[in-house]
There are 2 protein chains.
Amino acid sequence: MTNRRDNSRVIKAPMGPELSCKSWLTEAPLRMLMNNLDPDVAENPAELVVYGGIGRAARNWECFDQIQRSLRDLNADETLLIQSGKAVGIFKTHENAPRVLIANSNLVPHWANWDHFNELDKKGLMMYGQMTAGSWIYIGSQGIVQGTYETFAEAGRQHFGGDLSGKWILTGGLGGMGGAQPLAATMAGASMLAVECRPSSIDFRLRSGYLDEKADSLPEALAILRDAIARGKPVSVGLLGNAADIFPEILEGDMLPDLVTDQTSAHDPVNGYLPQGWTLDQWEQMRENDPKAVEMAARASMAVQVRAMLEFQARGIPTVDYGNNIRQVALEQGVDSAFNFPGFVPAYIRPLFCRGIGPFRWAALSGDPEDIFKTDAKVKELIPDDAHLHNWLDMAKERIKFQGLPSRICWVGLGQRHRLGLAFNEMVRTGELKAPIVIGRDHLDSGSVASPNRETEGMKDGSDAVSDWPLLNALLNTASGATWVSLHHGGGVGMGFSQHAGMVIVCDGTEEADKRIARVLFNDPATGVMRHADAGYEEAIDCAKENDLNLPFLKNV
Amino acid sequence: MTNRRDNSRVIKAPMGPELSCKSWLTEAPLRMLMNNLDPDVAENPAELVVYGGIGRAARNWECFDQIQRSLRDLNADETLLIQSGKAVGIFKTHENAPRVLIANSNLVPHWANWDHFNELDKKGLMMYGQMTAGSWIYIGSQGIVQGTYETFAEAGRQHFGGDLSGKWILTGGLGGMGGAQPLAATMAGASMLAVECRPSSIDFRLRSGYLDEKADSLPEALAILRDAIARGKPVSVGLLGNAADIFPEILEGDMLPDLVTDQTSAHDPVNGYLPQGWTLDQWEQMRENDPKAVEMAARASMAVQVRAMLEFQARGIPTVDYGNNIRQVALEQGVDSAFNFPGFVPAYIRPLFCRGIGPFRWAALSGDPEDIFKTDAKVKELIPDDAHLHNWLDMAKERIKFQGLPSRICWVGLGQRHRLGLAFNEMVRTGELKAPIVIGRDHLDSGSVASPNRETEGMKDGSDAVSDWPLLNALLNTASGATWVSLHHGGGVGMGFSQHAGMVIVCDGTEEADKRIARVLFNDPATGVMRHADAGYEEAIDCAKENDLNLPFLKNV
Ligand SMILES: NC(=O)c1ccc[n+]([C@@H]2O[C@H](COP(=O)([O-])OP(=O)(O)OC[C@H]3O[C@@H](n4cnc5c(N)ncnc54)[C@H](O)[C@@H]3O)[C@@H](O)[C@H]2O)c1
Ligand SMILES: NC(=O)c1ccc[n+]([C@@H]2O[C@H](COP(=O)([O-])OP(=O)(O)OC[C@H]3O[C@@H](n4cnc5c(N)ncnc54)[C@H](O)[C@@H]3O)[C@@H](O)[C@H]2O)c1
């Protein structure tokens, strides 16, 4: 096994308008690879880990060096192949072909499990690419906040005519991911009550500005909410307590939430969920001494919380599972109706996917925050009537710190993405921006993922596990001229459970780039609309028609 | 479930120089799709089944019609997407992009089994694409003969300096696949003794000209062989008998074979292997009445046969398993050393794959056999010093009947394929050929398949299950400008056990096609050389160097 840990390395992407490669189409992947390993961006850069467990940017340091050398050498009509984080070949293609093609962590299905992967990983034959780690388009924690923001905003659209003012959301858990909930809620215009059993988690979110207030009792928390609602200004409150106690208590009072969810770590009954009536110390000790007893107590409490969530739903309050598996545990505990409330993707994200809307993002290769602010303004100019989007951009500018190369994330859909891309390219051409812009997205997007336990849970036609779709997405992005394209396995939900594709395109200001951008940033979300239209979603069929998609199967409908 | 059986349809590809689509790049996939369903080509065309169990060309008849309409409409800068045999979208790309991109039968690994596939298949959401069925480049039974011929020829190169004259091969089984063995052997210059227990199988091979002689006793068979060897002319003999009896009997005599293998249906112990001492009638009856007893008796006999095979090997005679799983059965019967002799891919095919050699094939869209004979001559002209290849071409012309559009298969490797492609394109350009030529290959090829139980069994570095490689192959062929590219799952060995990619390119006589052909037909086999070089095979590393491949990892070696 070659060198995978190197504490001496500090990687920072070059910034500014000077090229270290032969063109911007090869400079861009070089800088984005390096940016993924910037200590301000990556979780564990010494081991090349970007995020999400062991999601890596390159297989090992030798491979990282070799990829850099390959990119510096690469000509305008050549394509570099990356196999699980290693540069394996450079081939003659043509100028409208991708400059880099990536396949990470893919295993023949019968062998597609962590055991076999770990064996190959140890031998130095593979790496885990997660979604944006191995495909060089991770942009830090902005993504978490906006995913949650979009989820809440879509709930607002579905249930409250798009206006969340005066509404409040009840949730549990202010941990690594869950801690983004209060910021996302207030950005979306809603207030939030987040029940969290650990004082340190509450204090951490207060310090980072993600949470506004804290309370030690339910009456105190409700008073803060009532007051904020009266003043017309959303507020987020962290309430110290056990969600399994507080959720039922709220049901007994007269101030009910407008939306209910939960992000305690219910997926891990031993370590992730405090049983009712236990202190944190007791929990800690028992986890060491009698994990089975912890698990049983935690499961019983989760059933209590899910019963309360079902009661909220029964009273007409929209209630969703946020991907922590709490329904499954409750079901196993005898709560037969646990799956009466839906998961968040089918409930709130799928309608966006039906219109090709997903985590579109871009980075300024200049390194200059001003370039991002100018693109922010351009987005508002081109999409003038989307208050929700403007709100996100304003809030993001105000409240989210840049990490590494300045970047932005912004959920937009089919018909909009290529307009933004063309405008950014024009801004590069005229010199309004100091250097090219890189545009990409998460693999968690409308047309690019098959993941039956999350993104494709409960598809209308039952096609959750069909992975033809992300493969077609990657092939089409390659045919359309994206700058780099990737095919991964196991992102998000682990080995065996997902297949997904990434794409990145560079706005280098040229007219050739205009043509590629127009194709790629239209076709890419269009594959998502197609996939959902084929599954029978009306919104997708409508969107396809509005955008004049040529979908042969619709001609028979 | 929409219409999958239609007995009224008789599909024949259009022939000749008239276009029914807007260009040859779309006419070609149309004709090849139709050719796959020609009653002279397909096994069960009424149900769209081409070959290999349920390997289909289109999902159902509605989808077949829709694909045809889509291809007839398709413009020179558009790309049609096919998802498990259904036309799902037409997108704007560019002239050097593929006209069709195909993904068939792909499932997220955890769900990648026959049960889940069958469920989706029944719902009309999927189809099984096999390898060349769903990717529209099946060319009938030529492939079986040549695969076996190449296997024997490679054995000849490895063990007998490339000269099989005066040698004889011992095998068992003259069934559907195994019946190609005698023809392949004599084509390769060797004699063959094939032990077959069913008189009807022997007679069928005699009638079709695949087998030369039959014998009822071992002495009689050996006399025919001895005589042919003395006369310097290879002969094939079908000996009526049980392989488990005859193999050990031969060991007792003084005339030993030069190569040993077996193609009885040992993979199916109940229906595929006649137990020693049983008559065919007895076998038939017992299969009905007591299948367990048949299985036990058959397994015991297989162990006897494998012990004989091990003894041949011990006496220095090359011995291989031909993919019928007979080693596994013997191992389970207590023959501990059963896996001492290798499978045929690691033994004979892998050295070819290391040089990018695989089942290259082409078809004449004119429908005129003369076009194929002219290309045969061109191959000989361009590769003048390959006696083995010339022999194959002569024999194929003489002994193999065309099915559907006239076509040819011919195993050639990196550095040769693109030269042939360019020459064919030139012949189309000058009018020497009456219409364009389509060039493709099986998915069973050097760089295009991950299949740990067959094509990637026992890779040197243990990377058998890594499927990054076929995915990169498909992405690169797309980037290089193949006319159609496909990504399939489960071909050959069934759901869960393989991932593989196809490509086809059209020689329409244009100069643009020259450029695409030069790239695609070089890059495609080059990915195979790359994959094997990365796994550490010296032959592949040498081949990469000879062909000036740019493989970054070799620079460190
Ligand atoms: N599907 C998705 O895309 C998605 C997105 C985000 C999070 N999630 C899921 O959400 C869960 C939370 O993720 P995380 O990264 O924030 O986990 P985490 O472990 O960092 O945080 C969980 C928090 O819940 C608190 N908690 C535990 N038991 C509690 C109880 N009984 N009452 C109140 N608070 C309690 C803990 O103190 C902790 O702060 C996980 O299960 C994760 O898988 C899924
Ligand atoms: N790995 C590969 O690429 C590959 C290629 C070809 C065949 N195969 C394998 O080879 C085997 C044969 O394939 P097939 O299509 O020809 O099968 P088949 O069932 O059509 O033919 C098997 C033949 O063996 C004969 N036979 C059975 N028991 C016998 C015995 N004891 N002695 C002598 N003859 C006996 C049968 O009468 C029959 O004619 C299968 O197991 C197949 O999977 C593998």
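Computed from a predicted model, the values in this text were never measured in an experiment.

Quick look at the nonpolar core
Link 1 in the chain: Counting 217 residues, the largest nonpolar core has Trp392 of chain A together with Trp392 of chain B as its most contacted members.
Link 2 in the chain: With nine residues, the top contributor of residues to this core is helix H17 (residues 511-534) of chain A.
Link 3 in the chain: Residues contacting Trp392 of chain A, with those up to four places away along its chain left out, are Gln142, Val145, Gln146, Tyr149, Met187, Ile400, Ile409 and Cys410 of chain A.

What to know about the domain arrangement of chain A
Residues and elements named next belong to chain A.
Link 1 in the chain: Assigned domains of chain A: these are domain 1 (24-122), domain 2 (142-336) and domain 3 (349-549).
Link 2 in the chain: Using only C-alpha atoms to locate each centre, domain 1 and domain 3 end up separated by 21 Å.
Link 3 in the chain: At the junction of the two partners, domain 1 supplies 27 residues and domain 3 supplies 25 residues.
Link 4 in the chain: For the domain 1 and domain 3 pair, buried surface summed over both sides reaches about 2200 Å², with 63% attributable to carbon and sulfur atoms.
Link 5 in the chain: Looking at the side of domain 1 facing domain 3, the largest losses of area belong to Trp24, Leu25 and Asn96, adding up to 23% of the total buried there.
Link 6 in the chain: One can count zero salt bridges joining domain 1 with domain 3.
Link 7 in the chain: Where the side of domain 1 that touches domain 3 is concerned, the elements lending two or more residues are helix H1 (24-36), strand E5 (100-104) and helix H3 (114-122).
Link 8 in the chain: At seven residues, H1 tops the list of elements feeding residues into the side of domain 1 that touches domain 3.
Link 9 in the chain: Classifying every residue of the side of domain 1 that touches domain 3 by side-chain character gives 16 nonpolar, six polar and five charged.

Looking at the interface of chain B and chain A
Note: interface size is frequently given as the accessible area lost on complex formation between the parts.
Link 1 in the chain: If you look at the interface, chain B gives 74 residues, while chain A gives 74 residues.
Link 2 in the chain: Summed over the shared surface of chain B and chain A, the number is two salt bridges.
Link 3 in the chain: Between Asp534 of chain B and Lys86 of chain A there is a salt bridge, and its shortest N-O distance comes to 2.6 Å.
Link 4 in the chain: Seen at the junction of chain B and chain A, the total is 26 residue pairs in polar contact (both at pLDDT 80 or more).
Link 5 in the chain: Counting only elements with at least two residues in the side of chain B that touches chain A, the list comes to helix H2 (61-73), strand E3 (78-83), strand E4 (86-92), strand E5 (100-104), helix H3 (114-122), helix H16 (468-480), strand E15 (484-489) and helix H17 (511-534) of chain B.

Remarks on the site of ligand 1
Residue and element names in this part refer to chain A.
Link 1 in the chain: Not every one of the 26 residues close to ligand 1 is listed here, only the nearest: Gly176, Gly178, Glu196, Ser265 and His267.
Link 2 in the chain: Between an oxygen atom of ligand 1 and a side-chain N or O atom of Arg198, the distance comes to 3.2 Å.
Link 3 in the chain: At 2.7 Å from an oxygen atom of ligand 1 is found a side-chain nitrogen or oxygen belonging to Ser265.
Link 4 in the chain: If ligand 1 stood free it would expose 870 Å²; the protein chains cover 85% of that surface.

Points about H2 of chain B
Residue and element names in this part refer to chain B.
Link 1 in the chain: With 13 residues, H2 extends 19 Å from end C-alpha to end C-alpha; this agrees with the ideal 18 Å at 1.5 Å per step.
Link 2 in the chain: For H2, the full list of buried residues reads Trp61, Cys63, Phe64, Gln66, Ile67, Gln68, Ser70 and Leu71.
Link 3 in the chain: Where H2 is buried, its residues touch helix H1 (24-36), E3, E4 and E5.
Link 4 in the chain: For H2, the capping residue at the N-terminal end is Asn60, with a side-chain oxygen 3.1 Å from the backbone nitrogen of Glu62.

How each quantity is defined
- Residues numbered from 1 in each chain as written.
- Chains lettered and ligands numbered in written order.
- Predicted model: local features only at pLDDT ≥ 70, side-chain atom pairs only at ≥ 80, totals over all residues.
- Heavy atoms only, no water.
- Core = buried A, V, L, I, M, F, W, Y, C linked by side-chain atoms within 4.5 Å.
- Buried < 20%, exposed > 50% of the residue type's maximum accessible area, 1.4 Å probe, protein only.
- Helix = DSSP H or I, 4+ residues; strand = E, 2+ residues; numbered from the N terminus.
- Contact = heavy atoms within 4.5 Å.
- Domains from an automatic or database assignment.
- Buried area = accessible area lost by both parts, 1.4 Å probe.
- Salt bridge = Lys/Arg side-chain N within 4 Å of Asp/Glu carboxyl O.
- Nonpolar A, V, L, I, M, F, W, Y, C, P; charged D, E, K, R; others polar.
- Polar contact = N/O pair within 3.5 Å; in protein donor to acceptor, adjacent residues only side chain to side chain.
- Near = heavy atom within 4 Å.
- Areas by Shrake-Rupley, 256 points an atom, 1.4 Å probe, with all protein chains shown as cover.
- Expected span 1.5 Å × (residues − 1).

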